[in-house]
Amino acid sequence: MSRRFRIVTKAAALALALCACAGAAAQDLLIRNARVHTATAQGTLEGTDVLVQGGVVRAIGKGLSASAGVPVVEASGRPLTPALFGGISGVGIEEVSGEQSTTDAALALGNGPKDMVVRPEFDVTLAYNPDSILVPVARVGGIGFTLLGADSRPGGSIVAGQGAVVRLDGSPDPIGPRVLFLSLGAGASGLTGNSRAGQWMLLDQLVDEARGRIAPDSPHALLTPAGRATLARYFSGNGLVVARVERAADIRQLLRWSQRHGVRIAIAGGAEAWKLAPELARAKVPVFVDVLANLPSNFDQLGATMENAARLRAAGVQVGFTQSGDASHNARKVRQLAGNAVANGMAWEDALAGLTRVPAETFGVADRTGTIAVGRSADLVLWTGDPLDVANTADQMWLGGRAVPMRSRQTELRDRYLRGEPSREAGQLPLAYPAGTR
Amino acid sequence: MLRPLTAALCAALLAGCASTAAKNPPPPASATPADPAREAFASTYRPIAAPPVLITNATVLVGDGRRLDGADVLMREGRIVEVGHGLAAPADAVRVDGTGKWVTPGLIDAHSHLGVYPSPGTQSHSDGNEMTSPVTAQVWAEHSVWPQDPGFGTALAGGITTLQILPGSANLVGGRGVTLKNVYANTVQDMKFPGAPHGLKMACGENPKRVYGQRGGPATRMGNLAGYRAAFIDAQAYAKKAGDKDRKRDLKLETLAGALNGDILVHIHCYRADEMAQMLDLAKEFGFRISAFHHGVEAYKIADRLAAEGVCAALWADWWGFKMEAWDGIQENIALVDRPQGSCAIVHSDSEEGIQRLNQEAAKVIAAARRVGIEIAPERAIRWLTQNPARALGILDRTGTLEPGKMADVVLWNGNPFSSYAQAEKVWIDGAHVYDRHDPSRRPVSDFLLGGVR
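Computed from a predicted model, the values in this text were never measured in an experiment.

1. Examining the overall build of chain B
Reasoning step 1: Summing up its helical and strand segments, chain B has 12 helices and 16 strands in all.
Reasoning step 2: Against the compact-globule benchmark of 22 Å for 454 residues, chain B has a radius of gyration of 21 Å, which places it among compact chains.
Reasoning step 3: C-alpha extents for chain B along the principal axes are approximately 60 × 50 × 45 Å.
Reasoning step 4: Within chain B, the fraction of its 454 residues that count as buried is 59%.

Encoded structure:
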């Protein structure tokens, strides 16, 4: 490799330019001549400027001007989108998936699958580490927010616990309300006596308990006082329940259960959700799909198809994206899901909405992020090209109007090894030493 | 096939050998009869008869680094006849208008578990890891392959025409891999790539020590190395008695001896750079050649050495972090491995999802490389999915590029394949039109998918 190799990217140059602008507040900015994908009813605005003051979008239009000293970014027609949603993930609540000491997404207080412990009050956001190595990696991919998800595991229950949206700007606390996660279907039937039917039995029992129809000191009581209070809130419609479920038959039961008890739900996964698209649209249940999950990986997904997103949307369902695989480290892969949804029949604007507005609205942060609109926080990404195409990358992201360094541990590793093997003969120190100290 | 002596020489001299290896693909496997298992469970694959096909006026990526714009591709009797401009079609040829479309060789996945870990992933389908002993060189992946895996069909829709099915990575030595043509059949023998050498799956690092740590070992990386060495010492002793008529066949040692003499190509699951270096030294100690490291999340740290030793690196575009040995993954890994002269970078899947979109994985690498000023042309990147995996599997003399005389394994794309929007419109295998995105009669449906609503 060439030792004289120099790394000069647009993003780096741009960051330097921003730093050089003394005087203006860090959250002031004018982006000029962008293809602005607003993710609102306004759709896409060609050759448009976006003015940011105090971290908030103040104007969107043509020929905008900024006061002296405010940094100006020439977009030259490149796409500008809201900062993207990274799906339901464990960014910041896991580092190395295989190392238990670094993962916090699932609670298992019981001893194995036959020892169900139901703790809906479990809140994964308390484990969130804004300094996680994964946070900057996601940001480099244009990901600005994610919903921290709680997972079910043996020794816990199908009521996995709570998560919330975090903005990946280094702030420690969620920006949205808590949501409750449920695990249903094949993946979780081992947690309810090896039957899917047991899941509805258990959930009805929890409804009874949360509503006081089972006394706290009953031998059948499953909840702590905090757990009762938590479930009482979600079961009265004050809070969203996100159900991970794939099979149409289970989704049908979920719809009935949620309507019976007045529970507000969204679906994650939903491989066969397209089969119930009209019902889901009528019930206004958003579905977060993994577009690439097109195989019958189990008997809950015999109807899996790449057209799931397009079919749901065509029926009027609000469609977002989330991954079933390594959703944390590869959170940036959600863009590929959206692009492939388009390749399989979904409208481009709808696919972008699935990465921006739909998750923001569904998870209660639409007043903060998810669209480019006057009055919204300037959570923006400037792309090299069509953001739904993996052939393009994020040039620069701003969160709350602040330019985010487009660096991560991965880019540092890359830059270190781009230096090439040092010559011991020439007296050069190993790569472990900083560049320039040879 | 490089003989052990040559391999050692290469390692000593470093430069030059790799490109020699690339230019001189191994001879057809039938010319190397040293492996007594060669004819067992032999391929019964037969190409499907088809009329000649002329694709006209397409952007053609030949697979060997060349790009021809507005070019034609002629295939006949299962072979590539010619790639060029203004080709004349035989009277009975099917003409396909390639205007605005791109043509590439059929994609090759060097690392798949389709059939051995099929969909649905039921317990009873879990046939990829013989986790009963750390060295199970005696098992053959082909004996686990379920030909009705729906994943073969979805991979075909992604342009995959050839794939190597490997045992999993639980064991130090997992067993033999098999190379298949991606055409549905009732038996795996009917899918076996005729004359392709077997692969040998080995695994470094975390997996074997995790699986066997509480079961008699190995429990450590040093235990891993001791395990490989003990196995190859046994194989050397077995190989020495090759002329002994009374020697009882030992399937385990037969496979390892086949790896030692080069009949079986060695594929090693190995993430870390330091471990790959250990395995290169292991190969040197026992005089065998490593065909490819797989996963190689840190391959970029030793890109020059891999190229100099003529070892391929079959990699993901950007997987990282799911375990400790994957912590140092970067998005430019394949691009950096690809840079040195004589390199052999491969995009592999190890995934029933990823195998459907190897082209998009490559697109991610191209995009990431561009951020640091490395421009990779499509005609170069396509080699990661075609020529280079063909080289690693020992079948480059028969497929992997669109050179005349090779198998007519061809994909017609709806545009530049390196995009989220790219789709394989038509796929030919040995000249037979086996997939068409716009014609349901040319889209395979595995037995398993019958009866459901999709």
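There's more to say after this.
2. Some points on the nonpolar core
Reasoning step 1: Core analysis: the largest hydrophobic core is formed by 143 residues, its most contacted members being Ala 292, Ala 313, Leu 315, Val 337, Ile 346, Ala 362 and Ile 366 of chain B.
Reasoning step 2: With eight residues, the top contributor of residues to this core is helix H10 (residues 358–371) of chain B.
Reasoning step 3: Apart from the residues within four sequence positions on either side, Ile 346 of chain B is in contact with Ala 110, Ala 292, Cys 312, Ala 313, Ala 314, Leu 315, Trp 384, Asn 388, Pro 389 and Ala 392 of chain B.
Reasoning step 4: If you look at the next biggest cluster of nonpolar residues, it comprises 127 residues, including Val 124, Val 179, Val 207 and Ala 248 of chain A.

3. Structural notes on the packing of helix H5 (residues 221–240) of chain B against helix H7 (residues 273–286) of chain B
Residue and element names in this part refer to chain B.
Reasoning step 1: Remark: H5 packs on H7, axes separated minimally by 11 Å, with the N-to-C direction vectors making an angle of 20°. One element, H5, and the other, H7, form an angle in the roughly parallel class. Here the hand of the crossing between H5 and H7 comes out right-handed. Between H5 and H7, the residues in contact are Leu 225, Tyr 228, Arg 229, Phe 232 and Gln 236 and Gln 278, Leu 282 and Phe 286, respectively.
Reasoning step 2: Taken together, the residues that form the contact of H5 with H7 break down as five nonpolar, two polar and one charged.

4. Some points on the interface of chain A and chain B
Reasoning step 1: At the junction of the two partners, chain A supplies 39 residues and chain B supplies 42 residues.
Reasoning step 2: Listed by contribution, the elements that provide at least two residues to the side of chain A that touches chain B are helix H8 (334–343) and helix H11 (409–418) of chain A.
Reasoning step 3: Across the side of chain A that touches chain B, the residue classes tally to 17 nonpolar, 16 polar and six charged.

5. Thoughts on the pairing of strand E9 (residues 199–203) of chain B
All names here are of chain B.
Reasoning step 1: A large share of E9 lies buried, amounting to five of its five residues.
Reasoning step 2: Side chains of E9 alternate between two faces, with Gly 199, Lys 201 and Ala 203 and Leu 200 and Met 202 buried alike.
Reasoning step 3: Here E9 runs beside strand E10 (residues 265–270); their pairing, made up of five bridges, is parallel. Following the sheet pairing, Gly 199 is matched in E10 by Leu 265.

6. Some points on helix H6 (residues 251–260) of chain B
Residues and elements named next belong to chain B.
Reasoning step 1: Taken across its 10 residues, H6 has eight buried, putting it largely inside the fold.
Reasoning step 2: In the core, the buried residues of H6 are packed alongside strand E8 (173–181), E9, H5, E10 and H7.
Reasoning step 3: Looking one or two residues past H6, Gly 262 carries a phi angle of roughly 90°, positive in sign.

7. Considering the sheet that holds strand E7 (residues 143–148) of chain A
All names here are of chain A.
Reasoning step 1: The strand order across the open sheet formed by three strands is E6-E7-E9, and the pairing between neighbours is mixed. With partners counted over all chains shown, the strands left at the sheet margins are strand E6 (84–89) and strand E9 (165–167), one partner each. Each strand of the sheet is rotated relative to its neighbour by a mean of 25°, with strand direction disregarded.
Reasoning step 2: Sheet analysis places E6 next to E7, joined by four bridges and oriented parallel. From the neighbouring strand, Leu 84 faces E7, where its bridge partner is Ile 143.

8. Some remarks on unusual backbone geometry
Residue and element names in this part refer to chain B.
Reasoning step 1: Residue Pro 120 follows Ser 119 across a cis peptide bond; omega there is -5°.
Reasoning step 2: Locating Pro 120 in the fold gives a position in the loop between strand E6 (107–112) and helix H3 (150–157).
Reasoning step 3: Here the amide bond leading from Gly 217 into Pro 218 is cis, since omega sits at 10°, within 30 degrees of zero.
Reasoning step 4: Within the secondary structure layout, Pro 218 lies in the loop between helix H4 (206–212) and H5.

9. Some remarks on the environment of Glu 74 of chain A
Reasoning step 1: Mapped onto the elements of the fold, Glu 74 of chain A is located in strand E4 (residues 72–74).
Reasoning step 2: Non-local contacts of Glu 74 of chain A, meaning those with residues more than four positions away in its chain, are made with Arg 32 and Asn 33 of chain A.

10. Some words on the sheet that holds E6 of chain B
All names here are of chain B.
Reasoning step 1: Spatially, eight strands are ordered E6-E7-E8-E9-E10-E11-E12-E13 in an open sheet, and the strand pairing comes out mixed. Strand pairing shows two members of the sheet lacking a second neighbour, E6 and strand E13 (345–347), which therefore form its edges. Neighbour to neighbour, the strand axes of the sheet diverge by 25° on average, direction disregarded.

11. Considerations on H7 of chain B
Every α-helix carries 3.6 residues per turn, so stepping three or four residues along brings you back to the same face.
Reasoning step 1: Over its 14 residues, H7 of chain B extends 20 Å from the first C-alpha to the last, a length consistent with the 20 Å expected when each residue adds 1.5 Å.
Reasoning step 2: Gly 287 of chain B occupies a position one or two residues after H7 of chain B and carries a positive phi of about 70°.

12. Some words on the domain arrangement of chain A
Residues and elements named next belong to chain A.
Reasoning step 1: Along its sequence, chain A is carved into domain 1 (1–83 + 370–407) and domain 2 (86–368).
Reasoning step 2: Taking only C-alpha atoms, the centre of domain 1 and the centre of domain 2 are 31 Å apart.
Reasoning step 3: Each partner contributes residues to the interface: domain 1 has 24 residues there, and domain 2 has 27 residues.
Reasoning step 4: Broken down by secondary-structure element, the contributors of at least two residues to the side of domain 1 that touches domain 2 are strand E5 (79–82), strand E15 (380–383) and strand E16 (394–399).
Reasoning step 5: For the side of domain 1 that touches domain 2, the leading source of residues is E16, giving three residues.
Reasoning step 6: Residues that form the side of domain 1 that touches domain 2 fall into these classes: 13 nonpolar, eight polar and three charged.

Each value, and the rule that gives it
Residues numbered from 1 in each chain as written. Chains lettered and ligands numbered in written order. Predicted model: local features only at pLDDT ≥ 70, side-chain atom pairs only at ≥ 80, totals over all residues. Helix = DSSP H or I, 4+ residues; strand = E, 2+ residues; numbered from the N terminus. Rg over C-alpha atoms; globule rule 2.2 N^0.38 Å. Buried ≥ 20, exposed ≤ 12 C-beta atoms within 10 Å, placed from the backbone. Core = buried A, V, L, I, M, F, W, Y, C linked by C-beta atoms within 7 Å. Contact = placed C-beta atoms within 7 Å. Axes fitted to C-alpha atoms, helices over the stretch in contact; angles between N-to-C directions. Parallel < 35°, antiparallel > 145°, perpendicular 65-115°, else oblique. Left-handed = near helix turned anticlockwise from the far one by under 90°. Nonpolar A, V, L, I, M, F, W, Y, C, P; charged D, E, K, R; others polar. Pairing = 2+ DSSP bridges. Expected span 1.5 Å × (residues − 1). Domains from an automatic or database assignment.

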